[in-house]
Amino acid sequence: MNNIDDIFKKSANSIHQLDLRQIPFTESPVDNNTLDRIFTGREAELGKVFNLFQGRDRRRIYIYGRIGIGKTVFLLEVLSALHRNLPKMLSAYISLPANLDLATTALIALAKAMPDDEWAQRQLYQMGIPTEISLKERTSEISASLGLGAKSGEKDLPVTKPLYPAVSLETLIERALIKYPAGVAIAIDDLDKQNPSVVRQLMHDAQGMLKGKAWFLLTGHPMGMTRDLLTSERGLFDLQLPLEELDQPTTYKMLINYLNSERINNKCDDPKDPRSVLPFLPETAKKLCEVSLGKPRLFNRLGITILNTATALQVKIITPEVLEKSLKAAELSLRQKAALTAQEERVRAFLQEHGNISDETISMQDLEQLGFRAYNEVLPILERLEEADLAHQLNQDDTKIFAPILLPIGQAVPSIKN
Amino acid sequence: MGSKGFGGQPEPTEKSRQFILAFKKAMDEDTHQFFCSHLSDLNESLLKDLPLLFCELTKNKKEQYVIAIMFGNFGLSLKQFPLGDRSLNMELGLMALQLVLKVFTRRAFPQDWAKIQNNLGAAYKNYIRGDRADNLEKAIATYELALQIYTREAFSKDWAGTQNNLGIAYIDRIRGDREDNLERAIAAYELALQIYTREAFPKDWAGTQNNLGTAYCKRIRGDRGDNLERAIAAYELALQIYTREAFPEDWAGTQNNLGNAYKDRIRGDRGDNLERAIAAYELALQIYTREAFPKDWAGTQNNLGIAYKDRIRGDRGDNLEKAIFALKLASQIHTREALPEDWAMTQYNLGNVYSDRIQGERADNLEKAIHFFNQAADVFTQKAFPEKWATNQAALAEALMKRAALTNNIQDLVSAIELLQSALIFAVVGSPDFIDTQYRLGKALSRHYEYSHNADDLQQAMQAYEIALEAISPEHYDLKQIWKALPTTQAILGSRLIRDGQWQEGLQLLLNSLTQLKTGDDPLDHANALYQTARGYEVLSDWDNARLFYRDALRLYAHLNDLLGITQSREGLGSVLVSQGYLDKGSVELVQARDNYLQLQKADRAQQVDNIYKAAQRALERQAVEVYA
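Rules behind the numbers
- Residues numbered from 1 in each chain as written.
- Chains lettered and ligands numbered in written order.
- Predicted model: local features only at pLDDT ≥ 70, side-chain atom pairs only at ≥ 80, totals over all residues.
- Heavy atoms only, no water.
- Helix = DSSP H or I, 4+ residues; strand = E, 2+ residues; numbered from the N terminus.
- Buried < 20%, exposed > 50% of the residue type's maximum accessible area, 1.4 Å probe, protein only.
- Contact = heavy atoms within 4.5 Å.
- Buried area = accessible area lost by both parts, 1.4 Å probe.
- Salt bridge = Lys/Arg side-chain N within 4 Å of Asp/Glu carboxyl O.
- Polar contact = N/O pair within 3.5 Å; in protein donor to acceptor, adjacent residues only side chain to side chain.
- Nonpolar A, V, L, I, M, F, W, Y, C, P; charged D, E, K, R; others polar.
- Phe/Tyr/Trp six-rings, centres within 6.5 Å; stacked < 30°, edge-to-face > 60°.
- Lys NZ or Arg CZ within 6 Å of the ring centre and 35° of its normal.

Enquirer: Describe unusual backbone geometry, listing the residues and the values that go with them.
Expert: Keep in mind that most residues, glycine aside, have a negative phi and that most peptide bonds are trans. In this chain, Leu-278 of chain A is followed by Pro-279 of chain A through a cis amide linkage whose omega measures 10 degrees. Among the secondary structure elements, Pro-279 of chain A is positioned in the loop between helix H11 (248-262) and helix H12 (282-291). Look at Ser-541 of chain B: it is not a glycine, yet its phi comes out positive at around 60 degrees. Here Ser-541 of chain B shows up in the loop between helix H24 (523-539) and helix H25 (543-559). When its relative accessible area of 24% is taken as the criterion, Ser-541 of chain B is described as partly exposed.

Enquirer: Go over the side chain of Gln-516 of chain B with me, naming the residues and quoting the values.
Expert: All names here are of chain B. One can find Gln-516 in helix H23 (residues 503-517). Residue Gln-516 is classed as buried on the basis of its relative accessible area of 16%. Excluding anything up to four places from it in sequence, Gln-516 contacts Arg-316, Pro-487 and Gln-490.

Enquirer: So what's going on with the interface of chain B and chain A? Which residues, and what values?
Expert: Listed per partner, the contact involves 33 residues of chain B and 31 residues of chain A. Contact between chain B and chain A buries roughly 2800 Å² in total, counting both sides, with carbon and sulfur atoms accounting for 45%. Contact with chain A buries area across many residues of chain B, yet Gln-504, Leu-548 and Arg-555 of chain B alone supply 21% of it, more than any other trio. For the interface between chain B and chain A, the tally reads 5 salt bridges. With a shortest N-O distance of 3.9 Å, Lys-400 of chain A and Asp-544 of chain B are connected by a salt bridge. Summed over the shared surface of chain B and chain A, the result is 15 residue pairs in polar contact (both at pLDDT 80 or more). Mapped onto the side of chain B that touches chain A, the elements with two or more residues apiece are helix H13 (270-287), H23, H24 and H25 of chain B. With 11 residues, the single largest contributor to the side of chain B that touches chain A is H25 of chain B. Residue classes in the side of chain B that touches chain A are distributed as 12 nonpolar, 7 polar and 14 charged.

Enquirer: Give me the lowdown on the packing of aromatic side chains, citing residues and values where you can.
Expert: All names here are of chain B. Here the structure, examined in full by the defined rule, presents 29 aromatic pairs over all chains. Centroid distance Tyr-65 to Phe-109: 5.3 Å. Interplanar angle 65 degrees. Geometry classified as edge-to-face. Note that Tyr-65 is positioned in helix H4 (residues 64-79) and Phe-109 in the loop between helix H5 (86-100) and helix H6 (110-126), a separation of 44 residues in sequence. Given the relative accessible area of 35%, Tyr-65 is considered partly exposed. By relative accessible area, which is 23% here, Phe-109 ends up partly exposed. Sitting over the face of the ring of Trp-483, Arg-270 holds its NZ or CZ atom 3.7 Å from the ring centroid.

Here it is in structure tokens:
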């Protein structure tokens, strides 16, 4: 066994010391089994969504919330439940690609969910998307000589975009409904990754499609929507579902679920039992929940850094001192990962110094100090900071107010010079 | 020597004779190489001798066809030869083709005759000498002649090719009604596409799609937004065949065109469109290098410069630096001697960028802007280019006004006023330039009033503003020029479009205007645009954004001590807060707005606000009753 393998084993052992097979926290998508084990809370929201699936009417559901609040996971959990409980319903998921309209996006999602349908696969092929079936076009020529038979040949199909994606989608839904009489549900995720005015336009253009024969679940943000699109009376959506930050007890329960999903021994899911949050102590577990502000993505990011720090320090328990070190490392890591421009850093520092910034209270002097004349110009930077988990928007409906994420400030380790 | 003795027929020179015979021998080889090594023989003397040579050589009836074919090849290869005197080469080529028709007559050789007519048409279209308008008329006439033989039924491919060429000629046509010419071009391309299908003739199909895209970009009839969407769709189709690997030059050309369409696009998100334009130009520049395609490279650099000037994303200061960089590259090829009109356009564009430049010393930037506009004025004279002259005048006036604000030099203001008044004499009433020039004149006069205290100045200023405002109407505004309009015009047009129900376009204009005004010299213009944007969002029932922008407008108006602006913003903010159910906060704003309106002696407005305030109070009382019930 060579040295490198030893290092690997040592690293694995450090995690095992914490009674974990591997670090359970992740920012990447997880498989359905893991998702079912770690998904926590949101019972009221799930109930509202599932109620809509108890009737025949096709429904349009818009799930919105801040970045990192768990929209994708919520959507996947809904689809997973539908899959288990309504086996005669077909569900399809896709993250909205850039520069694509909603009808073509839905068409791709549905076609991918129908691998055995040749017409569906042909649609994908014509769009240049790889399929499992190799498709060929048959041609035939009659040979010049009299009396001799025809010969046939094959050539690859040319790649073209669908001219009428909405019509193609409608056709595909009809085909799906033959095999799946309980219905078709199409989930389009990540509308909030696009520019709000682009999303507004996409929605306007997709009104016909959204009123068609499938259930639609979309995730995004409310910022880009106009009232007429949102209201159910003359608008598009039967349900607009906000996802808010999780409360502390739910976040604590979520921590337990995450840890249990990779615990080697002694699984325990009683929140009152300190063993349920090992290798955390109850106080450090609570601190993690507080600092992550009920935002699942921040929770995962901090969790990864905390466990990495713990393994680096070769500890078995995450004490307050270990946690403090970890959170400092996390703060530094978040800042480095964000790669802020000078202007963004100025805004971040201002936010840190002042505690919060809002469109209601900021002064001209403050704006000039930051190099702006209007708050709407600072807003994209604040949202970028939020995306990088360096700021968060407080829940006040009559103002746009941002506060810093309260982590202890980490110091960059100076490089050693000869 | 050309002639022999007194009264005899003129004869070609021996030199010309030898040259043509040498070409006959070299015809099947590399004609480009041949012309390179006989550059000095391509001269005016040859031009005089060509018809004489043709006459002499075709006297022998057995040889006449061979000679005619030789002259045809000579004409075709020479008209594209890039070295030497291009205009002379074209004229030699044109003459040679005309001579061929003496042998290949319509009666005897209809198909060849039609082919030569088609080639002649292309030659006339590109001909530099003589009157351009005339040349284009000749081009169109010869294409029409070709189409008498090239019918769809008998010669479908040639027919389609000639339709395509006819379309190109109509695009450039100077005579006739411009709108009509463009419609004819589009019709010709559509006819060509009936034969040039993607499956049968992919390259020709792609070429015609590209041309169709250009026609839609220029189209006057129909909805501007629609036309640009069609242009983009046509370019995208062309790019399915014009791939970089297979047809790099055509691919680059189409990318450049696509960039232009996105730069002018009205639909969709303006920020996105400009990013796509920049990306397309950058792709084109991968093939359009300075060494290989200097003219195209320069043209694309110029376009890239304009796109960076208008860019919304990224840091504005940086974007303007990139614009300057690209425009300066363009001006290395767009020299005054070689390409005066392109040179002048690049000077004008540089003037605009320096006028807005954020980095560097302000005074220095404005000096440079004024210098560039003056340079452009040397070519964009009122006689030669009346519209461009007027636009340039107005931009120069703007730069002078900015300098006046910096240095308190009243003479600059006076010069600006004179420039604007003279530009207005030649402006088309109601056109975008007219509107912007009136607006600028109003601004210049009101600034002059601050020095002169002459009531006439103020009155004329108000008049100018009113004329500008009245002329901005969504039905009549030439949207083709919207992105060149002053940001203040964009803001006003934007708010009117929203009022008229064109929400998306209106909002795009408002947001675009803010991009420029936020770093501009006039914070009052910025405050006004913020206010208009807030109102736009309010009409769209986007309360969150309406509130955000009303607060921004209010803050800036307060900073500028503009009481009317403060009052209107408080009214808007109050109204939005009340609509959202924040009755207390909304009422506070409404009360202040009402009292301010009274102070401004606007009793009607005060009354309106008071009505909303009282309704909010009643709602508050009802809420209180419900709570205690």
